[in-house]
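Observations on the three-dimensional arrangement
Listed below, chain by chain, are the residues.
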Amino acid sequence: MSISSNFGTGRTNWLGFALATLGLLVAPAVFDVNTMTVLLIWSLFALSLGLMWGYAGILSFGHAAYFGLGAYTFAVASMNIGESTVPLLLAMLIPALLAAVIGAMMFYGRISDVYMGVITLVVTLIMFKFINSTAGDAYRIGDARLGGFNGIPAFPVLNVPGDPELQIYGIGLYYVVAAALLLCYLLCRWVLASWFGRVLIGIRENEARVELLGYSAPLYKTAVFTLCAAMAGLAGCLFASWAEIVTPGLFSLGQSAEVIIFTIVGGLGTLVGPILGAIGLGMLKLLLGEQTLIDNSLLLGAILVLVVLLLPSGIVPTFLRWRQRRGAMLAARSKAGSARRRRRSQGEGA
Amino acid sequence: MDYFAVVLLEILYMIAFLALTSAGLAVVFGMMRVINLAHGEFVMVGGYTTIACYRAGIDLWFAMLVVAPLVVGVLGLIIERLVIRHLYGRMIDTMLATWGLSLLIVGLVTLIFGNSAVSVQAPISSYEIGQYQMGGYNLFIIAVAALLMIVLWLVMRFTRLGLVARGAMQNRDVAASLGYNPGRIYMWTFTVGAALSGLAGGVLAPLTGLLPSVGSSYIAKAFITVITGGAAIITGTLSSSLLFGTVNQIVSFASMPVVGEIAMLTLAIILLRLMPQGITGRFFKNSA
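Residues numbered from 1 in each chain as written. Chains lettered and ligands numbered in written order. Predicted model: local features only at pLDDT ≥ 70, side-chain atom pairs only at ≥ 80, totals over all residues. Heavy atoms only, no water.

1. Focus on the overall build of chain B
Of the regular secondary structure elements, chain B holds twelve helices and two strands. The helix and strand sequence of chain B, counted from the amino end, reads α-α-α-α-β-β-α-α-α-α-α-α-α-α. Relative to its length of 288 residues, chain B is compact, with a C-alpha radius of gyration of 19 Å against a globular reference of 19 Å. The principal-axis extents of the C-alpha atoms in chain B amount to approximately 65 × 45 × 35 Å. Each of the 288 residues in chain B was classed as buried or not, and the buried ones make up 55%. (Helix = DSSP H or I, 4+ residues; strand = E, 2+ residues; numbered from the N terminus. Rg over C-alpha atoms; globule rule 2.2 N^0.38 Å. Buried < 20%, exposed > 50% of the residue type's maximum accessible area, 1.4 Å probe, protein only.)

2. Re the overall build of chain A
Looking only at helices and strands, one finds 13 helices and four strands in chain A. Since a compact globule built from 350 residues should have a radius of gyration of about 20 Å, the 23 Å found for chain A is in line with a globular shape. Along the longest, intermediate and shortest principal axes, the C-alpha atoms of chain A span 100 × 55 × 45 Å. Here chain A holds 350 residues, and the buried ones make up 51% of them. For chain A, the proportion of contacts with a sequence separation of at least 24, taken over those separated by at least 6, is 79%. Entry remark: accessible area of chain A is about 15700 Å², with carbon and sulfur atoms responsible for 67%. (Contact = heavy atoms within 4.5 Å. Areas by Shrake-Rupley, 256 points an atom, 1.4 Å probe, with all protein chains shown as cover.)

3. A word on the packing of aromatic side chains
Residues and elements named next belong to chain A. Under the criterion given, the structure shown has 25 aromatic pairs over all chains. Relative to Trp242, the ring of Phe239 lies with its centre 5.6 Å away and its plane at 40°, an arrangement referred to as tilted. Linking Phe239 with Trp242, this pair stays in helix α9 (residues 217-243), spanning three residues, or about one helical turn. Phe239 sits in the buried class, given a relative accessible area of 13%. (Phe/Tyr/Trp six-rings, centres within 6.5 Å; stacked < 30°, edge-to-face > 60°.)

4. Overview of a nonpolar patch on the surface
Residue and element names in this part refer to chain A. Taken together, the side chains of Leu15, Leu19, Leu22, Leu25, Val26, Ile171 and Tyr175 present a nonpolar region at the surface, about 700 Å² in accessible area. At five residues, the largest contribution of residues to the nonpolar patch is made by helix α1 (residues 14-30). By the secondary structure assignment, Ile171 is in helix α6 (residues 171-193). Since its relative accessible area comes to 45%, Ile171 is described here as partly exposed. (Patch = residues over 30% accessible without salt bridge, like charges linked within 9 Å, V, L, I, M, F, W, Y side chains within 5 Å. Salt bridge = Lys/Arg side-chain N within 4 Å of Asp/Glu carboxyl O.)

5. Let's talk about the domain arrangement of chain A
Residues and elements named next belong to chain A. Split into domains, chain A comes out as domain 1 (14-313) and domain 2 (315-350). Of note, the centres of domain 1 and domain 2, computed from C-alpha atoms alone, are 44 Å apart. Between domain 1 and domain 2, the contact holds nine residues from the first and six residues from the second. Counting across the domain 1 and domain 2 interface gives three residue pairs in polar contact (both at pLDDT 80 or more). Broken down by secondary-structure element, the contributors of at least two residues to the side of domain 1 that touches domain 2 are α10 (253-266) and α11 (272-289). Looking at the side of domain 1 that touches domain 2 residue by residue, the classes come out as four nonpolar, five polar and no charged. (Domains from an automatic or database assignment. Polar contact = N/O pair within 3.5 Å; in protein donor to acceptor, adjacent residues only side chain to side chain. Nonpolar A, V, L, I, M, F, W, Y, C, P; charged D, E, K, R; others polar.)

6. Side note on helix α8 (residues 182-208) of chain B
Residues and elements named next belong to chain B. Compared with an ideal rise of 1.5 Å per residue, which puts 27 residues at 39 Å, α8 spans 37 Å between its outermost C-alpha atoms and is within 8% of the ideal. At Gly202, α8 shows its maximal kink, close to 25°; a proline, Pro206, follows between one and four residues later. Across the 27 residues of α8, 20 count as buried, placing the element largely inside the fold. For α8, the side-chain oxygen to backbone nitrogen distance between the N-cap and Gly183 is 3.0 Å, and the N-cap itself is Asn181. (Expected span 1.5 Å × (residues − 1). Bend = angle between axes of the 7 residues up to and from the residue.)

7. Section: the environment of B:Ile112
All names here are of chain B. In this structure, Ile112 sits in helix α4 (residues 91-113). According to the relative accessible area criterion, Ile112 is exposed, its value standing at 63%. Spatially, the C-alpha atom of Ile112 lies 9.9 Å from that of Pro212, the residues being 100 residues apart in sequence.

8. Concerning the pattern of salt bridges
One pass over the structure, following the stated rule, counts nine salt bridges over all chains. In this structure, A:Glu207 and A:Arg110 form a salt bridge, with 3.7 Å as the shortest nitrogen-oxygen distance. Of this pair, A:Glu207 sits in helix α8 (residues 207-212) while A:Arg110 is found in the loop between α4 (85-108) and α5 (113-132), placing the two residues 97 residues apart along the sequence. For A:Arg110, a relative accessible area of 48% corresponds to the partly exposed category. B:Glu261 is paired through a salt bridge with B:Lys221; the nearest N and O atoms lie 3.8 Å apart. Note that B:Glu261 is positioned in helix α11 (residues 257-274) and B:Lys221 in helix α9 (residues 215-229), a separation of 40 residues in sequence.

9. Remarks on empty space enclosed by the protein
Residue and element names in this part refer to chain B. Following the criterion strictly, the structure yields two cavities of 30 Å³ or more and no others. As for the largest cavity, its lining consists of Ala26, Phe29, Gly30, Thr225, Val226, Gly229, Gly230, Ala231, Ala232, Ile233, Gly236 and Thr237. Looking at the lining of the largest cavity, the elements with two or more residues in it are α1 (2-32), α9 and α10 (233-254). By residue class, the composition of the lining of the largest cavity is six nonpolar, six polar and no charged. The calculated volume of the second largest cavity comes to roughly 40 Å³. (1 Å grid on protein atoms, 1.4 Å probe; cavity = no way out; pocket = protein on both sides within 12 Å on 5 of 7 lines; lining within 4 Å. Points joined across faces, edges and corners; volume = space filled by probe spheres on them.)

10. Focus: the confidence of the model for chain A
Residues and elements named next belong to chain A. Summing up the model confidence of chain A, the mean pLDDT is 84 and the portion of residues at 70 or higher is 93%. Within chain A, no element has a lower average pLDDT than strand β2 (residues 144-145), which sits at 75, and none a higher one than α9, at 93. Long-range and interchain partners of residues 1-9, a stretch whose pLDDT sits below 50, account for 22 contacts in this model, where long-range means more than four residues apart. (pLDDT = per-residue confidence, 0-100.)

11. Let's talk about unusual backbone geometry
Peptide bonds are mostly trans, and most non-glycine residues show a negative phi. Residues and elements named next belong to chain A. At Arg110, a position not held by glycine, the phi torsion is positive, near 55°. Residue Glu244 is not a glycine yet carries a positive backbone phi of 60°. The topology assignment puts Glu244 in the loop between α9 and β4 (245-246). Accessibility expressed as a relative area gives 42% for Glu244, which makes it partly exposed.

12. Side note on the side chain of B:Thr98
All names here are of chain B. Locating Thr98 in the fold gives a position in helix α4. Exposure remark for Thr98: the relative accessible area of 0% places this residue in the buried category. Polar contacts involving the side chain of Thr98 include one to the main-chain amide nitrogen of Leu37, which spans 3.1 Å. At 3.0 Å, the side chain of Thr98 forms a polar contact with the backbone oxygen of Met95. If we skip the residues at most four places from it in the chain, Thr98 touches Ile35, Asn36, Leu37, Ala38 and Ile84.

13. Here's the deal with the packing of helix α2 (residues 39-55) of chain B against helix α3 (residues 60-82) of chain B
All names here are of chain B. Closest axis-to-axis distance for the α2/α3 pair is 8 Å, and the angle between their directions is 135°. Relative to α3, the element α2 lies oblique. The chirality of how α2 crosses α3 is right-handed. Where α2 abuts α3, its residues Phe42, Val45, Gly46, Thr49, Thr50, Cys53 and Tyr54 lie against Leu60, Ala63, Met64, Val67, Ala68, Val71, Val72, Leu75, Gly76 and Ile79. Here the contact of α2 with α3 is composed, by residue class, of 13 nonpolar, four polar and no charged. (Axes fitted to C-alpha atoms, helices over the stretch in contact; angles between N-to-C directions. Parallel < 35°, antiparallel > 145°, perpendicular 65-115°, else oblique. Left-handed = near helix turned anticlockwise from the far one by under 90°.)

Have a look at this one:
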């Protein structure tokens, strides 16, 4: 598929980053903190898909598997341990391990795009079906009952490391989530600026050539798949701490579809695109949830179809291209104008 | 002995179920290399059409065997003209667009029929094998699936239409140079595929009951059946239905239905890893 014409990794726009940080700092004064928190969690989730889809060309149709696994891992571990630092780490580690196994299986097997779509989809479905059927006392991990369809309620949420009494919620959780998002953004930027990112983009553009240059494409793909799963797991863990309940719905196909829509609408081949896509469409989703006239999935589905047909590279890349063209046009015009002025002044001189 | 017969019938039913629900997807994938993620929703719309017709007083048999395929076929035709034809050759984009369509259709059906389950009484009563009560309607499903496969094979093998279809499937450029418009062939293929999904939905409606979200439970099974089967429509669908149906039901009987389904899905992943071209890409290379 055609991703953006942007071959490079893009530079970090530090001014933009500083402004975004400032914006996130003051946002709670204007917007509802609870809403902002979940929007940023979705952004983090979309960012994790945007990195591997937009830059390495790996599309997972079941990215929700890692999000849900992160959430469930956190819930189960925090019920058993009580203190949330180890569960937080586990919530990244366990999805990453699963992704490493599945990724290695797919990439070393040289499985094509479409079959990869099927495998990732089926993995999510297996987990959904399994978690959905774990009602009853037989399914418990330590102190935590998996609870089947009803999920796990009432587990200890995130706390200040080392002190289980100091739980983080409300505005505190907002700042934790915002910091996590900014850090992950910087991590992605760093990855892309390093040789690792350059090989990934090379694989996206032409896998055979990268292999001929001596890089092992499966190794790099597995690595980025694992990294993105860890990030999705982190998003899941934060979501669990925000919602204070985890349900099998986290593994559903709808959840996977949503993050794909966030990412593709925002724009492939950028990091800001998926984040903005998640914030914009997430807001829309929450607004739609407040009324019953138009069904939520109706609108999201229509948006996905329209974007694939009309705007296949997404909003942010389209906007960047437009600005670039406009900049080039303005430059050409001012050059022409100055040439005219020069001619005129020469004419006057003669 | 009775128990053995029951297990055998259940396995046959599962094979028929898989063949029936994946036939439409297989036709579209086999001929056009298009993966239609809205397939489950086509099946669901077929079911809703049947129930709506039945409530409007139309004969149930007529509704499921004639009206449902027609309605879904027309729906498929509209979708092909509006969306799919712009995306030929872009597999991943097609998957994304049809996933969007699937969400859209779920939303529409929810708006029209509401989010509660509807069902219709099965028109064939149950019978007994020894001490076991068996659904008579399951036999009807098995018969429909068998008939469908035979008709598909006859059409593909012995009619001019089937010849053109197979020709376009092997090489669309040669078919085009012989005067057959590939665009037109694709259009009708998609329509026929959709109609087959509608038939499956209509026939299964009395058994499963319907929710707007029921499509997602069909899509995964149909998906793995078709992909594992490979490009050959009939041989592929049959061989993978046989394999998955048997595994699903045997494991289900040995433990629980959920475990059966998980076993089937896991097997699909392993098979895809071992045979990325599907069963027919590996073993039955020259079949239709």
